[in-house]
Structures are given as structure tokens and as C-alpha cells.
Amino acid sequence: MAPLASAGGAVMSARGPEVAARVGIPLGIAITLCFGTGLISHWIQHPPGWFYWPAHPAWEYRLTQGTHVVSGVVAIPLLLVKLWAVYPRLFRRPLIGDPLRIVERGSIALLVGSVIFQLATGLFNIAQFYAWTFFFTTTHYAMAYVAFGSLAVHLAVKLPVVRAALSRPLEQPGTGRGLPRRAVLTAAGLSAGVAGVMVVGQSVPWLRPLSLLAPRSGSGPQGVPVNRSAAAAGVTTTALDPGYRLTVVVGDRQRAFTRAELEQLPQAAAELPMACVEGWSVSARWTGVPLRDLLAAVGDYRGGDVAFVSLDGGLYGRSVLPHRHVIDASTLVALGLGGADLDLDHGYPARLIAPNRPGVLQTKWLSRIEVLP
Ligand SMILES: Nc1nc2c(c(=O)[nH]1)N[C@H]1C(S)=C(S)[C@@H](COP(=O)(O)O)O[C@H]1N2
Ligand SMILES: [Mo]
């Protein structure tokens, strides 16, 4: 058996730019994917005027948000290995010096701080710390620019070091010290792979049994997970009240529908995913009244966004649907799921389901639908 001291010495030798640069490549790719898909998700929820997000393919948001969460989780072990590889250098003297060194140090401090902040708050969010959602969305969004900007500066400053490190062989011939570096890289790759597989199961059904890191991985009434139940939202009584009405407002006309009246309108079915911002998603067969037909039953819809209001007065009790989703044939005011009546926890008596939208905008327990001026 090798003496401990020599094993320790060999592991120490694996630290340095050779490992740091090589781990940096998948880490940079993961962070870039995470940043890009995060921007998409934010823009869908807070659309700038120039932003265009199509209604089809319906699975696109499922893919981008699944990628967002998987790439973020995969980045965590890679970041830890990278920090381990450069750790002694982070404290090399002088801590500050000439301007280039100040930029280098500053960008590293910002980069490490902001990336750790992003990964930690993202993880907390998928573990559902809903109390600080407002703080989360604005801060996670703003900090994403800080993280990505400092990554760009860091890469620009370090490019010569990175290129030199990548052009040197990983192994150092003759010293017998090459193996630990390869082992460190293998361990980094394996742990990133394991972390990725453990969350990817929340979007890919046949990997679901492996998704140990996914808090809501598939079970729920009618085979669809529930983030917020009717009881948690405090709507059980109002949703089951025989006096329930869904008010629909189109221009200066308005009509209030009972659930039975909604059931009497022509029904349609759509196979659409529920894709949560937390990364989990599942495809399901929804039935109900096409939104455009429901609007037509009330008045003359001439375009514009449509607002959805829930019996639930909470943070997610309201959403706005853009015109191109309003007119899409697969957008339903859903009354059924998987061939049965909508479960109370899935939004009974009626909920919105539209293609290619984040779950958070698929408002449950609808009380009012209104075409915005
Ligand atoms: N009124 C209301 N609608 C809501 C929510 C909510 O809390 N209240 N949660 C949203 C979120 S975050 C998701 S992911 C989906 C989940 O729908 P499900 O519970 O039917 O899977 O509902 C959305 N609709
Ligand atoms: Mo969600």
C-alpha cells in the first residue's frame, strides 16, 4: 500500500492550471447554457417588447427549463473541483497589485461569489422556498448578468494561461504524477454526470426512478405532480361551492359560466406538458373548452393579451396570456385531465393550459378571464 504522505503529495500535485483549465471547459458550457435558458424563462414571464416566444413546439419550454436546472446542478460539482484546483492560488500574494491583477482578482471574486449565489439560490428555489420568490426572481435575474459578465472578463484575462495549460499534456512525463490529475478529472466528470442524471429524471420519464435530487418527481393525482394544493392555496371551499362561476369578459360583454355550462360547450383535447420553472415536467392529456371558442361565446375577440384570475389570491393567482397563445387551437380552459374530471389540486373546476408556457403561468381554479384593452 502506498504511504499516505506520498498519496497526499500526489493529490496536491493535481492542483493547478492543467486541471482548472480542463474542468473550466464543461463548467463554462454549463454556465452558458444555464444563463441562456434562464434568460428565456425570465423573458417569458416578464416579456420585453421585442421578445417573441412561439406557441409551438409545445415542448420547447420543457426542454429549455429542464436544461436550465440540469446545467445548473451539473455546474455545482464542476465548480467545486475547479475551486479545489485553484484554491492555493486564490490567496497568492500580493492579493492586489498592478491594474491587470486588480481586474483579475476582482473578476474572480465577483465570479466565484455570484456563481455560488446563483447555484445556491437556484437549488433553494427548486427545493421550494416560496416565501422569498419575489426576492428570488429579481435577484437571481440581476445576479445572472453579474455572473456571466465576470465569467467573460475572467476568460478574457485568463485566456493565455488557459491556452498554455491546455497545450501542455495533462500528464507530466517522467514524474509519475500524471495519474492523479486524470483521476481528479474523471471524478469531476462522474460527479457531474451523477448530479445531472439525478435531476434529469424530473423531465425524462424513464429516468425518473434515478431522480433522487428531484423533489417532485412524478407522483401526484392523475400522474401529474402538484406544487400547491387546493388546501395550501385556501381555495377548497370556493372551488367546490355550487355558486361557483367563471366570469369571462370580452370587450363590453361579459358572461358567468357554471361548471355545467362549461361542460356543455364543444370540448377539445390536447396533449400538452406541464413544465414547472423548477425543472420538472410531465406530458398529459387535457380536455376542455378551447379558449378562443369560449371568448367567441361571449363576444368579439379582436386580439390582445388575456388575463386569468384565480380563486387563489396568492402570488400565482394571476397570469397574462399573449395573443398568439390565445388563438392557438390547443390552448384550453381545461375541465379534465387524463380522461377524468380535473382533480381539485390540479385546478378544478377550471384551469388554463396553454402550449409552451412555464407551469407558473398555467393558472388553476379560474374565477375570471378578461381580454385586456
Ligand atoms: N392559482 C394558482 N395556479 C397555479 C399555481 C398556484 O399556486 N396557484 N401554481 C402554478 C405552478 S408553479 C405550477 S408548476 C402549476 C402546476 O400545476 P399542477 O399542480 O396541476 O401540476 O400550476 C400553476 N398554477
Ligand atoms: Mo411551477
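Here the structure is a predicted model, which means the values were calculated and not measured.

**Quick word on the confidence of the model for the chain**
- Across the chain, the average pLDDT comes to 89, with 90% of residues at or above 70.
- This stretch, residues 1-12, has a pLDDT under 50; its non-local contacts, to residues over four places away or in other chains, come to 3 contacts.

**Looking at the UniProt feature "transmembrane region" (unreviewed entry) in the chain**
- Here, UniProt's "transmembrane region" (unreviewed entry) annotation points to residues 23-45, 65-87, 108-130, 142-162 and 183-207.
- Secondary structure content for residues 23-45 is 100% helix and 0% strand, and the end C-alpha separation is 33 Å.
- The span residues 142-162 carries 100% helix and 0% strand; its end-to-end C-alpha distance comes to 28 Å.

**Observations concerning unusual backbone geometry**
- Here the amide bond leading from histidine 56 into proline 57 is cis, since omega sits at 0 degrees, within 30 degrees of zero.
- Within the secondary structure, proline 57 is located in the loop between helix 2 (17-45) and helix 3 (60-90).
- The omega torsion of the bond from tyrosine 348 to proline 349 falls at 10 degrees, within 30 degrees of zero and hence cis.
- One non-glycine residue, asparagine 356, lies in positive phi territory at about 60 degrees.
- Here asparagine 356 shows up in the loop between strand 9 (351-353) and strand 10 (366-371).

**Re the pairing of strand 10**
- Bridging between strand 1 (residues 246-250) and strand 10 involves 3 bridges; their strand directions are parallel. Bridging from a neighbouring strand, threonine 247 pairs with arginine 368 of strand 10.
- Note that strand 5 (residues 306-310) and strand 10 share 5 bridges and pair antiparallel. Looking across to strand 10, one finds that serine 310 is bridged to leucine 366.

**Let's talk about the site of ligand 1**
- Around ligand 1, the structure places 21 residues, and the nearest of them are Pro225, Asp312, His346, Arg351 and Lys364.
- A distance of 3.2 Å separates an oxygen atom of ligand 1 from a polar atom in the side chain of arginine 228.
- For ligand 1, a nitrogen atom lies 3.0 Å from a polar atom in the backbone of glutamine 362.
- Among the residues forming the shell around ligand 1, the class breakdown is 9 nonpolar, 7 polar and 5 charged.

**Description of the pairing of strand 2 (residues 253-257)**
- For strand 1 and strand 2, the ladder comprises 5 bridges, and the chain directions are antiparallel. Each bridged residue has a counterpart across the sheet, and for valine 250 the counterpart in strand 2 is arginine 253.
- Between strand 1 and strand 2, which pair antiparallel one after the other, the connecting turn spans 2 residues, and glycine 251 there sits at a positive phi close to 60 degrees.

**A closer look at the pattern of salt bridges**
- Within this structure, the stated rule accounts for 7 salt bridges.
- Between arginine 259 and glutamate 263 there is a salt bridge; the shortest N-O distance is 2.8 Å. Within this pair, arginine 259 and its partner glutamate 263 are both found in helix 9 (residues 259-264), separated by 4 residues, close to a single helical turn.
- On the accessibility criterion, glutamate 263 (38% relative accessible area) is partly exposed.
- Here aspartate 341 ties to arginine 259 by a salt bridge, and the two come within 3.0 Å at their closest N and O atoms. Note that aspartate 341 is positioned in strand 8 (residues 340-341) and arginine 259 in helix 9, a separation of 82 residues in sequence.
- We classify arginine 259 as buried; its relative accessible area is 10%.

**Description of helix 10 (residues 291-298)**
- Residues of helix 10 that are buried: Leu291, Leu294, Leu295 and Val298. Buried residues along helix 10 cover an arc of 100 degrees about the axis, so they all sit on one side.

**Describing the packing of aromatic side chains**
- Scanning the entire structure with this criterion turns up 7 aromatic pairs.
- With 5.7 Å between their ring centres and 55 degrees between their planes, tryptophan 43 and phenylalanine 51 make a pair best called tilted. Neither residue differs from the other here; tryptophan 43 and phenylalanine 51 are each classed as buried.
- Ring plane angle 85 degrees and centroid distance 5.2 Å describe the contact between tyrosine 141 and tyrosine 145, whose orientation is recorded as edge-to-face. With a gap of 4 residues between them, tyrosine 141 and tyrosine 145 both fall in helix 5 (residues 133-167), about one helical turn apart.
- Overall, tyrosine 145 belongs to the partly exposed group, its relative accessible area being 38%.
- In textbook terms, an aromatic cluster arises when at least three aromatic residues are bridged by ring pairs, as seen for Phe35, Tyr141, Tyr145 and Phe148.

So, how was this worked out
- Residues numbered from 1 in each chain as written.
- Chains lettered and ligands numbered in written order.
- Predicted model: local features only at pLDDT ≥ 70, side-chain atom pairs only at ≥ 80, totals over all residues.
- Heavy atoms only, no water.
- pLDDT = per-residue confidence, 0-100.
- Contact = heavy atoms within 4.5 Å.
- UniProt positions renumbered as here; feature names shortened; annotations may be inferred.
- Helix = DSSP H or I, 4+ residues; strand = E, 2+ residues; numbered from the N terminus.
- Pairing = 2+ DSSP bridges.
- Near = heavy atom within 4 Å.
- Polar contact = N/O pair within 3.5 Å; in protein donor to acceptor, adjacent residues only side chain to side chain.
- Nonpolar A, V, L, I, M, F, W, Y, C, P; charged D, E, K, R; others polar.
- Salt bridge = Lys/Arg side-chain N within 4 Å of Asp/Glu carboxyl O.
- Buried < 20%, exposed > 50% of the residue type's maximum accessible area, 1.4 Å probe, protein only.
- Arc of directions from axis to C-beta.
- Phe/Tyr/Trp six-rings, centres within 6.5 Å; stacked < 30°, edge-to-face > 60°.

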